[in-house]
Amino acid sequence: MQRLRKLVEDGGVFCPISDSTFFEFLKNSDPTARLEIARVVDELSGGVSLLDHRMRLGTDISHFVHDAEGSDELHPLHHLVWSRVAFALGFVHPTNTGADAATELAIQKALFDWIWEMPLEEVMRTLGANSPPDGLDFTVSGLNEGVKQNADQLKSFAQEPALKPNLRQALYQREGGAGVRRKELRRTLI
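Residues numbered from 1 in each chain as written. Predicted model: local features only at pLDDT ≥ 70, side-chain atom pairs only at ≥ 80, totals over all residues. Heavy atoms only, no water.

Asks: Where do I start with the overall build of the chain in this structure?
Replies: Assigned secondary structure in the chain consists of 9 helices and 2 strands. Each helix and strand of the chain, ordered N terminal to C terminal, gives the series α-α-α-β-α-β-α-α-α-α-α. Put simply, the chain has 190 residues, and 26% of those count as buried. A fraction of 70% describes how many contacts in the chain between residues 6 or more apart in sequence connect residues 24 or more apart. (Helix = DSSP H or I, 4+ residues; strand = E, 2+ residues; numbered from the N terminus. Buried < 20%, exposed > 50% of the residue type's maximum accessible area, 1.4 Å probe, protein only. Contact = heavy atoms within 4.5 Å.)

Asks: Hey, could you run me through the pattern of salt bridges in this one?
Replies: Pairing between side chains of opposite charge can happen when their charged atoms approach one another. As enumerated under the stated definition, the model contains 6 salt bridges in all. Between D10 and K6 there is a salt bridge whose closest N-O contact spans 3.1 Å. Taking the relative accessible area as the measure of exposure, K6 reaches 44% and is therefore partly exposed. For E121, the salt bridge goes to R125, with nearest N and O atoms at 2.7 Å. Pair noted here: E121 and R125 are both in helix α6 (residues 120-127), with a separation of 4 residues, about one helical turn. In the salt-bridge network here, residues are joined through shared partners; they are R39, E121 and R125. (Salt bridge = Lys/Arg side-chain N within 4 Å of Asp/Glu carboxyl O.)

Asks: Would you explain the packing of helix α2 (residues 19-26) against α6 in this entry?
Replies: Relative placement of two packed helices is described by the angle separating their axes and the distance separating the axes. Two numbers describe how α2 lies on α6: the axes approach to 12 Å, and their chain directions differ by 40°. The angle between the axes of α2 and α6 places the two elements in the oblique class. Seen from above, α2 lies across α6 with right-handed handedness. On α6, the residues that touch F22, F25 and L26 of α2 are L120, V123, M124 and L127. Its residues assigned to classes, the contact of α2 with α6 comprises 7 nonpolar, no polar and no charged. (Axes fitted to C-alpha atoms, helices over the stretch in contact; angles between N-to-C directions. Parallel < 35°, antiparallel > 145°, perpendicular 65-115°, else oblique. Left-handed = near helix turned anticlockwise from the far one by under 90°. Nonpolar A, V, L, I, M, F, W, Y, C, P; charged D, E, K, R; others polar.)

Asks: How should I be thinking about the environment of I107 in this particular structure?
Replies: Secondary-structure assignment places I107 in helix α5 (residues 101-116). Judged by relative accessible area, I107 falls into the partly exposed class, the value being 36%. With 12 residues separating them in the primary sequence, I107 and T95 have C-alpha atoms 9.5 Å apart.

Asks: Could you clarify how one ought to interpret the packing of aromatic side chains in this entry?
Replies: Any aromatic ring pair is given by two values, namely how distant the centres are and how the planes are angled relative to each other. Within the structure shown, the criterion is met by 6 aromatic pairs. Summarising the aromatic geometry, the rings of F14 and W82 are spaced 5.5 Å apart at their centres and angled 65° between planes, so their arrangement reads as edge-to-face. Remark: W82 occurs in strand β2 (residues 82-84) and F14 occurs in the loop between α1 (2-9) and α2; sequence separation between them is 68 residues. Each residue in the set F87, F91, F112 and W116 is aromatic and connected to the rest through ring pairs, giving one cluster. (Phe/Tyr/Trp six-rings, centres within 6.5 Å; stacked < 30°, edge-to-face > 60°.)

Asks: What should I look at first to understand the nonpolar core in this one?
Replies: The nonpolar side chains of a soluble globular protein tend to be buried, and buried together. Counting 13 residues, the largest nonpolar core has I17, F22, F25, V41, L120, V123 and M124 as the members making the most contacts within it. Mapped onto this core, the elements with two or more residues apiece are α2, α3 (31-45) and α6. (Core = buried A, V, L, I, M, F, W, Y, C linked by side-chain atoms within 4.5 Å.)

Asks: What should I look at first to understand the side chain of E104 in this one?
Replies: Position of E104 among the secondary structure elements: in helix α5. Within the buried set, E104 has no salt-bridge partner at all; the shortest N-O distance to an opposite charge, 12 Å, is to K109. For E104, the side chain forms a polar contact with the main-chain nitrogen of T97, separated by 2.8 Å. (Lys, Arg positive; Asp, Glu negative; His and termini not counted. Polar contact = N/O pair within 3.5 Å; in protein donor to acceptor, adjacent residues only side chain to side chain.)

Asks: Could you clarify how one ought to interpret the packing of α3 against α6 in this entry?
Replies: At a minimum axis separation of 8 Å, α3 and α6 run at an interaxial angle of 160°. With respect to α6, the axis of α3 lies roughly antiparallel. Considering only the axes of α3 and α6, their crossing is right-handed. The segment α3 lies against α6, with R34, L35, A38, R39, V41 and D42 engaging L120, E121, M124, R125 and L127. Its residues assigned to classes, the contact of α3 with α6 comprises 6 nonpolar, no polar and 5 charged.

Encoded structure:
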């Protein structure tokens, strides 16, 4: 642990958290243990988190589509996956506040800026012993059991009917190295 701390201190590495890591913290109902974990995460992560899973997936798909269209103004995908620890579970902001649009936007920006700088320890202190409304009482074996029970309803990426056949084919061609023709992709998406 001392070596890792030294590497972080010297700026050689950082240890970001992710939404799945955050969920693991929340499964611990002991507020003192949560705070201790949060302090270590704050120290090693530098306040950095990966975007939540859904946001990363959307970013990846968007990047793929824009790249396939030939956009030359794309940031590298590995630059687009980072956030701050307080947003590890996604971005939130107040809506339908009853205020006029300009005031609501000002409230949203102020709240975002405040949360952006919030260390994980403060997030955990705010949560106390509380967990999200649905709780996090699950285990890997419980998840696997649920998969077995619902196997007849689960579909793989290749079987997903929501993907048009041409897009599905384009995705597989891309993965196989054949690439995607811009005209073909546009025709698929329209």
